[in-house]
Protein chains: 2
Amino acid sequence: MAKNGPITKSAAVRDRGVTMNDVANHAGVSRTTVSFVLNNRSTANISEETRKRIIESVQELGYRPNAGARALASQRSDWYGLVTEIVTAPFAVNVIKGAQDQAWLDRRFLLIAPSDQADAVGPNQGMEDAAIEKLLEQRVEGLLYAATFHRGVHVPKSAHEVPTVLINCFDADGKLPSIVPDERAGGRVAVERLLVAGHRRIGVINLDPQIPAAVGRLEGARDALAGAGLELDPELVVSGYATADGGYEAACEILDRYPKDERPTALFCLNDRMAMGAYDAIKERGLTIPGDIAVIGFDNQELIAAYLRPKLTTVALPFEKMGALGVRTLAALTAGQPITADQQLVDCPLLERSSV
Amino acid sequence: MAKNGPITKSAAVRDRGVTMNDVANHAGVSRTTVSFVLNNRSTANISEETRKRIIESVQELGYRPNAGARALASQRSDWYGLVTEIVTAPFAVNVIKGAQDQAWLDRRFLLIAPSDQADAVGPNQGMEDAAIEKLLEQRVEGLLYAATFHRGVHVPKSAHEVPTVLINCFDADGKLPSIVPDERAGGRVAVERLLVAGHRRIGVINLDPQIPAAVGRLEGARDALAGAGLELDPELVVSGYATADGGYEAACEILDRYPKDERPTALFCLNDRMAMGAYDAIKERGLTIPGDIAVIGFDNQELIAAYLRPKLTTVALPFEKMGALGVRTLAALTAGQPITADQQLVDCPLLERSSV
DNA sequence: AAAAGTTGTTGACACGCTTTAGTAACGCGC
DNA sequence: GCGCGTTACTAAAGCGTGTCAACAACTTTT
């Protein structure tokens, strides 16, 4: 045979993987033809017979295309990079899952790189840059940049060399498109749920009032109350650390402040960890959930919400959806389509369990 | 210039990335020399002057090596693949973190592929194979295969084409090396902790008695008791579903079965979710933790253990360590070193919090 | 019967890099 | 002035694939 190229050693002689040349030789055609068949090039007319013979050879030899070589030759990689500190934050790992699944559907490959620094300015600053650099060395066609909690971020400038989409955060410099949860709608939905259940006096256990999550969710709570002709009583809003202890203390303060008949009948906890603490405060006082006090959370940290007793009704952060949407947005960008908006809001669905 | 190759268009003309050729031209040397410098080839004598000039050119032009091309030419990829259903199981994501960090240290790249199927035999079976296939197309030099819970698995046969290491699971066919938690030592450590605290009557809330985790942890509990001249009272071992509800029911059964003075003074819960349920059962009966009943868990599901009130003392599953060890083992294998053991056990450290 | 398609296939270059086998220039000992 | 070793570099052959221009063998049109 020895048709293609000066030297055509067989796979066995080379002791490397089976290459396209081996397939071509085995099927008695040129390598080009094999390439056309494997890539379904409709412009090339390959006879059904030849195609079949090639497919058979592929399977017989166990040929597996070399993704790197393909990328090199075609100048397309089908790879996206995902940079995230999420690797350290278990509960937000669903971004990875959503992105992975969508990438899989789109026949793309997701390269995940760690950037272990929430707000590092010090020694770790370099790691994020290095991670992005590494991804660019792999010639990813686009970047996803995900944060563990909704906030503004500064993205290393090398990320601007390819299409980049931010997930669960937004570009503090206002250049890059982003995908964030619709905190406000989520807050509205939560409080509406409490209103529907008949609650009129609702306590709010707030996060650090500065962060986007707190601002949005509280705004949503106001929206809901306004819809029922009510106002948010500032006295009923207590801030605390975003932990179970913080929630416990805040709940104690609210519960102990009023006589029984003026006490709020429901608590909107701006995250599930605080709700967890609120549960303790409520139970400690001999009150029942949801009988005496209804509780609604936010975040849907499954390990908490689904295992509290009673199970916690909460508003979910749509990590998985955001991940998937991130990949789709990136696909649109790399395909040259202009995206519709700088910032896409994703719905936060209410998960009904048993605490309201 | 135009020294290298027949055509030597500049980067600007090509409108592609900067290549090694561009660097070579800019520095006035051959591409080979650039390659030698960038790879620190000590066999080649490059003058300090030339080296410096090349480094400068690299920075000036913003050259970034093409990882795919490099892999193609050198027949080495520096990539490992990690196959895992873990992407769906947030609490075990630390395997990814451990592996990522270690890979980063070793200057290797970890490609993560999803295999969304715990025990699928049906429609999803193909996904795992496809994931491995995809990784092999990327020419990964080795594979890590991680499970969400300790068990025997059947690994697709294509995984046998490259060095493969199992994490948190073992090869049911007994061929591949694996890394698993030392459940037995963990169980021992937990019960020893209770013994040290003076407890003699210890209730055990057991998992499904069949699974490796239950077998090992219980065995360890027996070891510890034997060390104190005690035996495990089978009556005090109650199995339940591995959930908070399961733990609640099991705890109720144990607590209600005995008069106050015969009641166990401590509960060893074989996982944290069950401990969470046990907390409720204990508090419901007006008992305090650890005053009346000490509780110790297993798994260290941080979102639970660190946020329960009081915080849960528990034995940690060393996911991060296993991930790191997996990468190191793989590195040894791919370097041709024989590994020492088929199955490596990793310690499960006791995390002291406030429930004992 | 010549010209103009059509169908099925291939040769050859390109992608960006590594690596082996060189070579030119120089200094050294005899 | 010759051989020999050293130093500092380079030419060229790959790695496995995509892709385009070209071509041979037919079929159809003029």
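The text that follows walks through the structure, step by step, so that each part is easy to find. Here the structure is a predicted model, which means the values were calculated and not measured.

## Some remarks on the protein's contact with DNA strand D
Residues in close proximity to DNA strand D total 32 residues, the closest being Met20, Arg31 and Tyr63 of chain A together with Thr33 and Thr50 of chain B. A distance of 3.1 Å separates a phosphate oxygen of DNA strand D from a polar side-chain atom of Arg76 of chain A. At 3.0 Å from a base nitrogen of DNA strand D is found a side-chain nitrogen or oxygen belonging to Thr32 of chain B. Of all the secondary structure elements, the ones that give two or more residues to the surface near DNA strand D are α3 (31–38) and α5 (67–74) of chain A together with α3 (31–38) and α5 (67–74) of chain B.

## Points about the nonpolar core
Within soluble globular proteins, side chains that are nonpolar tend to cluster in buried spots. Membership of the largest hydrophobic core comes to 146 residues, with the highest contact counts inside it found for Ile205, Leu267 and Phe268 of chain A together with Ile205, Leu267 and Phe268 of chain B. In contact with Ile205 of chain A, not counting residues within four places along its chain, are Val238, Gly247, Ala250, Ala251, Ile254, Leu267, Phe268, Cys269, Leu270, Met274 and Ala278 of chain A. Core analysis: the second largest hydrophobic core is formed by 42 residues, Ile132, Ala147 and Ala159 of chain A together with Ala159 of chain B among them.

## Quick word on the pairing of strand β9 (residues 294–299) of chain A
Residue and element names in this part refer to chain A. Within β9, six of the six residues are buried, which leaves it mostly tucked inside the rest of the structure. One ladder, built from three bridges, connects strand β8 (residues 266–269) with β9; its direction is parallel. Bridge pairing in β9 links Leu267 to Val295. In this view, the connection linking β8 to its parallel neighbour β9 by way of helix α11 (residues 272–284) has right-handed handedness. Relative to strand β10 (residues 313–316), β9 runs parallel, the two sharing four bridges. Among the inter-strand pairings, Gly297 is bridged to a residue of β10, identified as Thr314.

## Brief notes about the interface of chain B and chain A
The interface of chain B with chain A comprises 54 residues on the first partner and 53 residues on the second. Between chain B and chain A, a total of about 5,200 Å² is buried, with carbon and sulfur atoms accounting for 61% of that surface. Remark: the boundary between chain B and chain A carries twelve salt bridges. In this structure, Arg64 of chain A engages Glu133 of chain B in a salt bridge whose closest nitrogen and oxygen atoms are separated by 2.7 Å. Counting every contact that joins chain B to chain A gives 19 residue pairs in polar contact (both at pLDDT 80 or more).

## Remarks on the relation of the copies chain B and chain A
With an RMSD of 0.1 Å, chain B superimposes on chain A once it is rotated by 180° and translated 0.0 Å along the axis. The symmetry that links the two subunits is that of a two-fold axis. When the interface residues of chain B are mapped onto chain A, 98% of them again fall at the interface, so both copies present the same face.

## Thoughts on the environment of Leu267 of chain A
Mapping Leu267 of chain A onto the fold places it in strand β8. For Leu267 of chain A, the contacting residues outside a window of four places in its chain are Gly203, Ile205, Ala251, Ile254, Ala278, Ile282, Ile293, Ala294, Val295 and Ile296 of chain A.

Rules used in this analysis
- Residues numbered from 1 in each chain as written.
- Chains lettered and ligands numbered in written order.
- Predicted model: local features only at pLDDT ≥ 70, side-chain atom pairs only at ≥ 80, totals over all residues.
- Heavy atoms only, no water.
- Near = heavy atom within 4 Å.
- Polar contact = N/O pair within 3.5 Å; in protein donor to acceptor, adjacent residues only side chain to side chain.
- Helix = DSSP H or I, 4+ residues; strand = E, 2+ residues; numbered from the N terminus.
- Core = buried A, V, L, I, M, F, W, Y, C linked by side-chain atoms within 4.5 Å.
- Buried < 20%, exposed > 50% of the residue type's maximum accessible area, 1.4 Å probe, protein only.
- Contact = heavy atoms within 4.5 Å.
- Pairing = 2+ DSSP bridges.
- Right-handed = clockwise from strand over helix to strand, strands pointing away.
- Buried area = accessible area lost by both parts, 1.4 Å probe.
- Salt bridge = Lys/Arg side-chain N within 4 Å of Asp/Glu carboxyl O.
- Least-squares fit on C-alpha atoms with pLDDT ≥ 70 in both.

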